[in-house]
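# Structural overview for review
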Amino acid sequence: MRKGLLLLGSIIWFLLMFPGLAVFAYAQTTALNEWTWVGGSHSIPQLGNYGTLGVAAAGNLPGSRESSSTWVDTNGNLWLFGGLGYYSIAGPQFLNDLWEYTPSTGFWTWQGGPLFGNQSGAYGTQGVPSASSIPGGRSGAAHWTDANGNFWLFGGLGYDAAGNAGYLNDLWEYNVTASRWTWQGGSSLLTQFGNSYLDYGSTGSYGTQNVSASTNLPPGRSDAMYAVDVAGNLWLFGGTGYAASSSLGSFDDLWIYNTSSKIWTWVSGSQALGQPASYGTQGVPYDPSVHFPGSRWGGALWADNNGFLWLFGGIIGDLWKIDTASRQVTWVGGSPAGNAPGSYGTISVPAATNMPGARESFAHWADSKGNFWVFGGTGYDSSDNFGFLNDLWMFNPQSGVWTWENGSNSADLSGMLANYGTRGTPAITSEPGGLWLSMNWVDPQGNFWLYSGGATTNGTNGVIIDDLWIYQPLALTLQLQTITFSTLSDVLNTTTSVPLSASASSGLPLSFVSNTPSVCSLSGSTAEIATSGTCSITAIQAGNSTYAAATPVTETFQVVTDFTVSVSGANSMIVNQGGPATFNFAVAPEAVTNFQNTVTLSYSSSPALPSGYRMTMTPTSIASGSPPTNVRLVLSTPAIAVQEQAPYHPTFGTTAPLAICLLLPIMGYLRQRAKQFSVLTVLIFLLSGAALLSLDGCGGSSSASSGSPTSYEILVTATSGSLSHSSSVSLTVK
């Protein structure tokens, strides 16, 4: 009994001495849209308690830190590397220790790296894993996991192989199974740009835009934005660092890294620092050489399930979409002006007018349904106050709508927003305080884990703490819904409005968005027509506490300018066989000077023209923007055909007497001269008579054909979209 009491007292003393230790296993309950404080201290920065390398224990705890690199392994365990924070005896310094957290036990395990900060990197041989290789201490590195569950790390602010601190561009891979680091690329040594601490960086090599090359390498940087697409490629944008022969600044360059070929490609953006954004028209895609996001750091880049990258924040409160196939960029929303306050609306209610305030250094992640989440950071609240934020937002890429899910719409100016509640117990009133450069994970169940980072505590700004929190999003449990949007027919530009008819399977009301406001605007469920062109309308149902946002449905229709087709000149013509016929038609838009849409021309004949007739029309189409146009139709008929008559078979009815009459004077004359008929005379007489018998009078043996005149109706038809007009002429061929 005495030994039991002594043991219990020892345990109580241990807990009192180390109030920040995470001793609760992940057996605590989670509740939808509620935070649970899992462990860590919420008073002052905590030193790391490393325990024994590779051994999980209740007393183990990483020190307070910010801007570490994190990932989740295939077993659902949470990993943390480096950051700026406190090691075993002091801090803050750049760390390169490696930790694993097991949610099922609630224990941390020190898995590698030194007990001390500001350590140089041990690079070894490039491409060769080694037990002695390890990245130097750093913060703000880009990081991701590949299809095999291996962890990748690029750049950050930290130490090279020679102990110089600056902006790195080295690339590392960590194999969880083998517990080995491999230096995969980039420079192991920094270039000196100045004479003071952190005046170092790696210049990199851009190469040719959109051309992959083994020599390509982004300049060193920290706090870049990064995402992995569906093909497993890394996309990297912006961050802070040095360009060649330049002072410190922010980038706006976009890169892609192929993890299979291990080659970088500079996609777009500038090689120079400090580039302003070029927005263009909201909602319109552009080539990145025309309009592109400006230089920034500390924002977020993420990939959806449809081949698009999304970029948000970096103290500018704008939102961009990048098509990974066409490389076109679209300014989707948010203010082009920096320092924009948040528009919160009602908590848990999505709305088109909702928008987080401008911010940087916030926690962010994408859930399994493609929604994007933002927590905290440093930025502007609803009253345009600047400070540490603890608001939680969700963005649905399908609906394009933000939802304020949790937290305060006011900045944490005095460290009073945090409400820890009871450790391990979720509560609607529990929530972290305003944080920045915090670390986060998403476990296989879709729960969001948060390791605090920088905070305001009891009126003290810039304190680094080590709180561990878990949040269960409501959005992952919502019911699905679909939208039915009735097809819209083309209309004339004289139409003033078009009613819209759509419904959601949930029965929730819909909203409409015009994608082409210059052609058609919206008034409730009616499209108001402004001019000719393509009108594109999207029906949206953003969801609520029961239903997830529906996939938006878009319908388009043409607003077309009517036109006329008329005969210019003669509308009927008579031609002889073999002669041409030419008709002219006038095609002209109504109510406007030029055609607003393309017009296609065709012709037909009734009855059909016989073989040998040929008809040509010029032009066969009229381009959009063309003035009234004359159309010429030319008909060519074939020449008259010559027809042979059948052979003639003679008779004696009328031919014989005529022949005798002609021969009698000849015979008389011969008789007077010769006094008698000779045998030759008789023979000539008989032959001549026979020849005459073969004649049909004195006419020829062939004649031209002479048919009846034929009339044709020639129809010319002009078509544009759903509009079709015709005009006809009459042609008679003799």
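Conventions we followed
Residues numbered from 1 in each chain as written. Predicted model: local features only at pLDDT ≥ 70, side-chain atom pairs only at ≥ 80, totals over all residues. Heavy atoms only, no water. Helix = DSSP H or I, 4+ residues; strand = E, 2+ residues; numbered from the N terminus. Buried < 20%, exposed > 50% of the residue type's maximum accessible area, 1.4 Å probe, protein only. Contact = heavy atoms within 4.5 Å. Areas by Shrake-Rupley, 256 points an atom, 1.4 Å probe, with all protein chains shown as cover. Phe/Tyr/Trp six-rings, centres within 6.5 Å; stacked < 30°, edge-to-face > 60°. Lys NZ or Arg CZ within 6 Å of the ring centre and 35° of its normal. Pairing = 2+ DSSP bridges. Axes fitted to C-alpha atoms, helices over the stretch in contact; angles between N-to-C directions. Salt bridge = Lys/Arg side-chain N within 4 Å of Asp/Glu carboxyl O. Disulfide = S-S within 2.5 Å. pLDDT = per-residue confidence, 0-100. Core = buried A, V, L, I, M, F, W, Y, C linked by side-chain atoms within 4.5 Å. Lys, Arg positive; Asp, Glu negative; His and termini not counted.

## What about the overall build of the protein chain?
Per the secondary structure count, the protein chain includes three helices and 53 strands. Buried positions account for 48% of the 734 residues belonging to the protein chain. Relative to all contacts within the protein chain whose residues are 6 or more apart in sequence, the contacts with residues 24 or more apart total 58%. Only carbon and sulfur atoms are counted for the fraction: they give 55% of the accessible area of the protein chain, which is about 32400 Å².

## Points about the packing of aromatic side chains
If you walk through the whole model with that rule in mind, you get 54 aromatic pairs. Relative to Tyr420, the ring of Trp37 lies with its centre 5.1 Å away and its plane at 75°, an arrangement referred to as edge-to-face. Taken together, the residues Trp37 in strand S1 (residues 35-39) and Tyr420 in the loop between strand S29 (401-406) and strand S30 (435-436) connect sequence positions 383 residues apart. Exposure class is identical for Trp37 and Tyr420. Each is buried. The interplanar angle of 50° and the centroid separation of 4.9 Å between the aromatic rings of Tyr174 and Trp181 together place this pair among those described as tilted. Put simply, the rings of Trp302, Trp310, Phe312, Tyr344, Phe362, Phe372, Trp393, Phe395, Trp402 and Trp404 touch in pairs and so form one group of aromatic residues. Its guanidinium or amino end placed over the ring of Phe251, Arg221 lies 4.1 Å from that ring's centre, counting from NZ or CZ.

## Some remarks on the environment of Ala272
As for its placement among the helices and strands, Ala272 is situated in the loop between strand S20 (263-268) and strand S21 (300-303). Considered as a pair, Ala272 and Ser246 are 26 residues apart in the sequence and their alpha carbons are 8.6 Å apart.

## Observations concerning the sheet that holds strand S40 (residues 526-529)
Strand order in the open sheet formed by three strands is S36-S40-S39, with antiparallel pairing between adjacent strands. Each end of this open sheet is capped by a strand with a single partner; those strands are strand S36 (497-499) and strand S39 (520-523). For this sheet the average axis-to-axis angle between neighbouring strands, irrespective of direction, equals 30°. Bridge count between S39 and S40: four bridges; the pairing is antiparallel. Bridged to Cys520 within S40 is Ile529.

## Some words on the pattern of salt bridges
Scanning the entire structure with this criterion turns up five salt bridges. Where Asp97 meets Arg65, a salt bridge forms, and the shortest distance between an N and an O atom there is 2.8 Å. Of this pair, Asp97 sits in strand S5 (residues 93-102) while Arg65 is found in strand S2 (residues 65-66), placing the two residues 32 residues apart along the sequence. Residues Asp97 and Arg65 agree in their burial class; the two are buried.

## Observations regarding the state of the cysteines
Here the structure, examined in full by the defined rule, presents one disulfide. Each sulfur of the disulfide joining Cys520 and Cys535 lies 2.0 Å from the other. With the S-S dihedral at roughly 95°, the linkage between Cys520 and Cys535 falls on the right-handed side. Taken as a pair, Cys520 in strand S39 and Cys535 in strand S41 (residues 533-540) lie far apart in primary sequence, 15 residues in all.

## Description of the sheet that holds strand S43 (residues 563-567)
Sheet strands associate in pairs through backbone hydrogen bonding, adopting either a parallel or an antiparallel arrangement. The strand order S43-S45-S49-S47 describes an open sheet built from four strands, whose pairing is antiparallel. In the strand order of this sheet, the two ends are held by S43 and strand S47 (614-618), each with one partner. Across the sheet, the mean angle separating the axes of adjacent strands is 20° when strand polarity is ignored. Bridge count between strand S45 (residues 580-589) and strand S49 (residues 629-636): eight bridges; the pairing is antiparallel.

## Quick word on the confidence of the model for the protein chain
Taken over all residues, the pLDDT of the protein chain has a mean of 85, while the share at 70 or more is 85%. Counting contacts from residues 1-28, a segment whose pLDDT is below 50, to residues more than four positions away or on other chains yields 45 contacts. Here residues 641-706 is a poorly scored stretch, pLDDT under 50, and it has 29 contacts once near neighbours within four places are set aside; other chains count.

## Considerations on the nonpolar core
Residues Phe563, Phe585, Val587, Val599, Leu601, Leu633 and Leu731 are the most contacted members of the largest nonpolar core, which totals 26 residues. Residue assignment for this core shows that the elements contributing at least two residues are S43, S45, strand S46 (599-606), S47, S49, strand S52 (710-720) and strand S53 (723-733). Among residues more than four places away in sequence, those in contact with Phe585 are Ser566, Val567, Ser568, Thr629, Asn630, Val631, Leu633, Val716, Ser727 and Val729.

## Some thoughts on the side chain of Glu405
Within the fold, Glu405 resides in strand S29. It turns out Glu405 is buried and unbridged, and the closest side chain with the opposite charge, Lys369, is 11 Å from it. Contacts of Glu405, omitting those with residues within four sequence positions, involve Asn33, Ile347, Ser348, Trp373, Leu392, Trp393, Met394 and Tyr471.

## Description of unusual backbone geometry
A cis geometry characterises the amide bond from Gly91 onward to Pro92, with omega recorded as 0°. Tracing the backbone through its elements, the reader meets Pro92 in the loop between strand S4 (78-85) and S5. A cis amide bond links Thr618 to the next residue, Pro619, at an omega of -5°. As for its placement among the helices and strands, Pro619 is situated in the loop between S47 and strand S48 (621-622). Phi at Asn210 takes a positive value of approximately 65°, unusual for a residue other than glycine. Within the secondary structure, Asn210 sits in the loop between strand S13 (200-201) and strand S14 (221-222). The backbone of Ile315 sits at a positive phi, close to 70°, despite the residue not being glycine. Among the structural elements, Ile315 can be located in the loop between strand S22 (308-312) and strand S23 (319-323). Overall, the relative accessible area of 24% leaves Ile315 in the partly exposed class.

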